[in-house]
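# Structural features, examined
Each chain is listed here by its residues.
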Amino acid sequence: MSKESKKSISATLATATCALLGNAITQPVQAQEEPGWDFNTAFLYYGEDADRVQDLSISVLARRTFYDDKFLTLGLTVDSLTGATPNGGIHQSVAQTFTSASGNNVYTAPANTQPLDSEFLDTRVAVSGNWQQPLGRLSQFNVGLSASKEYDYLHLGVNAKLSRDFNQRNTTVSAGLAFSSDTIDAQDGAPMALTSMRDVGDLSNRIGEQDKDVVDFVLGVTQVISKNLLMQLNYSYSDSSGYLNDPYKIVSLVDAVTGDVVPRTPTPGVLGPSHEYVFEGRPDQRTKHSVYGQAKYYMGGKVLDASYRYMTDDWDIDSHTVDLRYRWPMGDSRYLEPHLRFYTQTDASFYQVGVVDGAPLPAFASNDYRLGNFDAITVGLKYGWTTKNSNEMSARLEFYQQSGSIPAEKQFGNQVGQVQYPDLNAIIFQFSYWFGR
Amino acid sequence: MAMKNIVLLALLLAFALLNAGCSSMGVEAWDRDVLAKAEMQLTTDPLEAATDDHIYFSKEASSGGRGFGGGGCGCN
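What counts and how
- Residues numbered from 1 in each chain as written.
- Chains lettered and ligands numbered in written order.
- Predicted model: local features only at pLDDT ≥ 70, side-chain atom pairs only at ≥ 80, totals over all residues.
- Helix = DSSP H or I, 4+ residues; strand = E, 2+ residues; numbered from the N terminus.
- Rg over C-alpha atoms; globule rule 2.2 N^0.38 Å.
- Buried ≥ 20, exposed ≤ 12 C-beta atoms within 10 Å, placed from the backbone.
- Pairing = 2+ DSSP bridges.
- Expected span 1.5 Å × (residues − 1).
- Contact = placed C-beta atoms within 7 Å.
- Core = buried A, V, L, I, M, F, W, Y, C linked by C-beta atoms within 7 Å.
- Axes fitted to C-alpha atoms, helices over the stretch in contact; angles between N-to-C directions.
- pLDDT = per-residue confidence, 0-100.

Looking only at helices and strands, one finds one helix and 21 strands in chain A. A compact globule built from 437 residues would reach a C-alpha radius of gyration of about 22 Å, and chain A, at 25 Å, matches this within 12%. A principal-axis box enclosing the C-alpha atoms of chain A has dimensions of 85 × 40 × 35 Å. In chain A, which comprises 437 residues, the proportion classed as buried is 42%.

This part covers the overall build of chain B. Helix and strand counts for chain B come out as two helices and zero strands. Relative to its full complement of 76 residues, chain B shows a buried share of 49%.

Residues and elements named next belong to chain A. Alignment of strand β10 (residues 210–226) against strand β11 (residues 229–242), held across 14 bridges, turns out to be antiparallel. Each bridged residue has a counterpart across the sheet, and for valine 215 the counterpart in β11 is aspartate 239. Where β10 folds back onto β11 in an antiparallel hairpin, the turn is made up of two residues. As paired strands, β11 and strand β14 (residues 285–299) are joined by 13 bridges and run antiparallel to one another. Residue pairing across strands places tyrosine 237 opposite histidine 289, the latter belonging to β14.

To continue, consider helix α2 (residues 46–59) of chain B. Residue pairs three or four apart in sequence face the same way in an α-helix, which turns once every 3.6 residues. The first and last C-alpha atoms of α2(B) sit 20 Å apart over 14 residues, in line with the 20 Å expected at 1.5 Å per residue. Within α2(B), twelve of the 14 residues are buried, leaving the element largely enclosed by the surrounding structure. Every buried residue belonging to α2(B) is among Pro46(B), Leu47(B), Glu48(B), Ala50(B), Thr51(B), Asp52(B), Asp53(B), His54(B), Ile55(B), Tyr56(B), Phe57(B) and Lys59(B), and all of these are buried. For α2(B), the secondary structure elements touched by its buried residues are β1 (36–48), β2 (54–66), β20 (392–405) and β21 (424–435) of chain A.

Generally speaking, soluble globular proteins have nonpolar side chains that are buried together. Formed by 18 residues in total, the largest nonpolar core has its most connected members in Ile250(A), Val251(A), Leu253(A), Tyr277(A), Val278(A) and Val355(A). Sorting the residues of this core by element identifies β12 (250–254) and β13 (277–279) of chain A as the ones contributing at least two each. With four residues, β12(A) is the largest single contributor of residues to this core. The contact partners of Val251(A), leaving out residues within four places of it in the chain, are Gly88(A), Tyr277(A), Val278(A), Glu280(A), Gln352(A), Gly354(A), Val355(A), Ala365(A), Ser366(A) and Asn367(A). With 15 residues, the next largest nonpolar core counts Phe374(A), Ala376(A), Leu424(A) and Ala50(B) among its residues.

Residues and elements named next belong to chain A. The three strands are arranged β13-β12-β18 in an open sheet whose pairing can be described as mixed. Every other strand in the sheet has two partners, leaving β13 and β18 (354–356) as the edge strands with one partner each. When the angles between neighbouring strand axes are averaged without regard to direction, this sheet yields 35°. Inspection of the sheet shows β12 paired to β13 by three bridges, in the antiparallel sense. Across the sheet, the residue bridging to serine 252 is tyrosine 277, located in β13.

Along a regular strand, successive side chains alternate from one face of the sheet to the other. All names here are of chain A. Pairing of strand β17 (residues 334–345) with strand β19 (residues 373–386), which is carried by twelve bridges, proceeds in the antiparallel orientation. Within the sheet, the bridge partner assigned to glutamine 345 lies in β19 and is phenylalanine 374. The sheet contact formed by β19 and β20 spans 14 bridges and is antiparallel. Counterpart to glycine 380 in the pairing with β20 is glutamate 398.

For the rest of this paragraph, the subject is the confidence of the model for chain B. The share of residues in chain B with pLDDT of 70 or more is 63%, and the mean pLDDT across the chain is 79. Model confidence for the complex is summarised by a pTM of 0.89, with the ipTM given as 0.90.

Our next topic: the environment of Leu233(A). In this fold, Leu233(A) is placed in strand β11. Leu233(A) sits 127 residues away from Val106(A) along the chain, and the two C-alpha atoms are 50 Å apart.

Excluding glycine, a negative phi dihedral is what most residues carry, and trans is how most peptide bonds are arranged. All names here are of chain A. Residues other than glycine seldom take positive phi values, yet aspartate 51 does so here, at roughly 60°. Mapped onto the secondary structure, aspartate 51 falls in the loop between β1 and β2. The phi angle at aspartate 69 is positive, at roughly 60°, despite the residue not being glycine. Here aspartate 69 shows up in the loop between β2 and β3 (70–86). Given 19 C-beta atoms within 10 Å, aspartate 69 falls into the partly exposed group.

A word on the environment of Arg63(A). Residue and element names in this part refer to chain A. Tracing the backbone through its elements, the reader meets arginine 63 in strand β2. Of the residues examined, arginine 63 has 24 C-beta atoms within 10 Å and is grouped as buried. The spacing of arginine 63 and serine 128 is 65 residues in sequence and 12 Å in space, taken between C-alpha atoms.

Now for the confidence of the model for chain A. Scored by pLDDT, chain A comes out at a mean of 91, with 92% of its residues at no less than 70. The low-confidence segment residues 1–30 of chain A (pLDDT under 50) makes 96 contacts with residues lying over four places distant or belonging to another chain.

This is the structure:
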């Protein structure tokens with residue numbers, strides 16, 4: 001074996017087994033590469049039905065390769081979001097008026113519809129930087145920074161990961177740590193949890209800027225099982241603390257007998273909500289544990305990529321995710337890749353349709369559909385090809401569907417048969433172009 | 001709490017099995033041509049993986065697993 005090919009194998013294994021944990025921007029590497037830049041770019045359209053959220057996004061990952069298996073990766077993503085999102089209110093047989101998120105206007109949901117806040121409009125810019133290098137013969141070190149800014153949200157994060165090969169590089173053990181410090185600067189200040197939605201112009205329950213800190217720890221083992229099979233097992237711990245509410249979501253105040261939202265009259269001469277609503281309130285701490293396993297299996301040119309994740313947290317949410325991809329080559333330069341993903345989660349302990357009028361306020365309450373009990377499926381197909389000058393392109397089209405149910409014990413009175421989980425259907429289209437390699 | 005203990009136990013067991021089995025698993029360096037292929041890397045397309053993580057983080061109560069928990073947006 002030549003010296004060069006030995007180096008190539010060592011580079012491959014070191015990077016193949018290390019680009020696994022932690023940072024999504026870590027690039028897979030096929031061999032010892034010449035110094036230089038390469039670029040991975042993508043255009044994304046994500047669109048939900050019923051005039052809900054639409055996202056147009058462009059992303060670039062630029063990677064500089066240096067000698068000695070050192071890499072600098074820089075990322076940029078710009079998202080443009082528009083559309084409507086469920087505000088947490090429930091279906092009623094009458095129209096409902098809400099004070100907008102800004103506190104300066106009102107919007108009305110027609111009778112017998114899922115109340116949506118149509119003011120949703122945002123631009124998000126995210127940047128990241130990552131440095132990867134070997135530490136000695138068998139270890140690798142990886143350090144990264146991330147930041148993103150939206151109109152009402154700022155994220156700052158740092159992460160680091162160390163990995164080491166064992167057993168003739170057939171086993172890699174990795175440990176990663178990430179810390180993020182986020183600031184929520186909701187329009188006119190975040191509302192105090194479980195206080196009532198006020199008339200337009202009344203900002204007395206706004207508490208200004210809020211903070212959220214997240215610490216993530218990931219421990220992983222990657223194992224070469226055979227020359228055609230590679231497996232990975234990760235354990236992740238995540239601790240979030242601070243302001244974990246969605247400042248724009250509300251919970252309806254409902255009549256103890258009928259279950260209908262309690263009507264309200266705004267102050268004369270002022271616009272305001274037609275019914276009683278309170279802003280949602282979640283615990284200020286959340287701990288999540290996940291176990292993730294992935295296998296890549298090569299079958300005479302075709303590759304099966306299968307993964308499973310189990311997550312449990314102290315909000316009583318448990319979830320299972322199964323993800324299957326099958327890469328099917330068509331000649332030397334083209335492939336098709338069907339994708340199937342199944343997801344199911346249980347609802348948070350404080351997920352509830354409404355807060356009962358006259359009863360003591362619960363400590364926590366949210367009717368955010370993302371904390372509900374639902375199943376989701378993704379079905380997609382990707383087509384990829386290599387261009388004449390050895391660049392790579394791919395296009396994928398996927399359908400994502402969420403269907404949920406509200407536990408019977410969490411509904412009563414007229415809510416039964418009227419209040420529904422806001423099912424979601426979305427299309428994902430992504431076009432990617434890799435060049436410079 | 002019981003569930004967490006089960007998860008931790010399963011994890012310890014998995015690590016123990018991996019450690020015990022590692023010495024007999026794996027391949028020699030000259031048998032790694034398939035494992036070195038781009039399509040055999042655990043993350044074949046980092047931008048696609050990041051996009052998916054972001055979408056599902058925004059729409060579901062779970063995140064991470066493959067890597068860090070994601071986030072960095074006001075969407076959840």
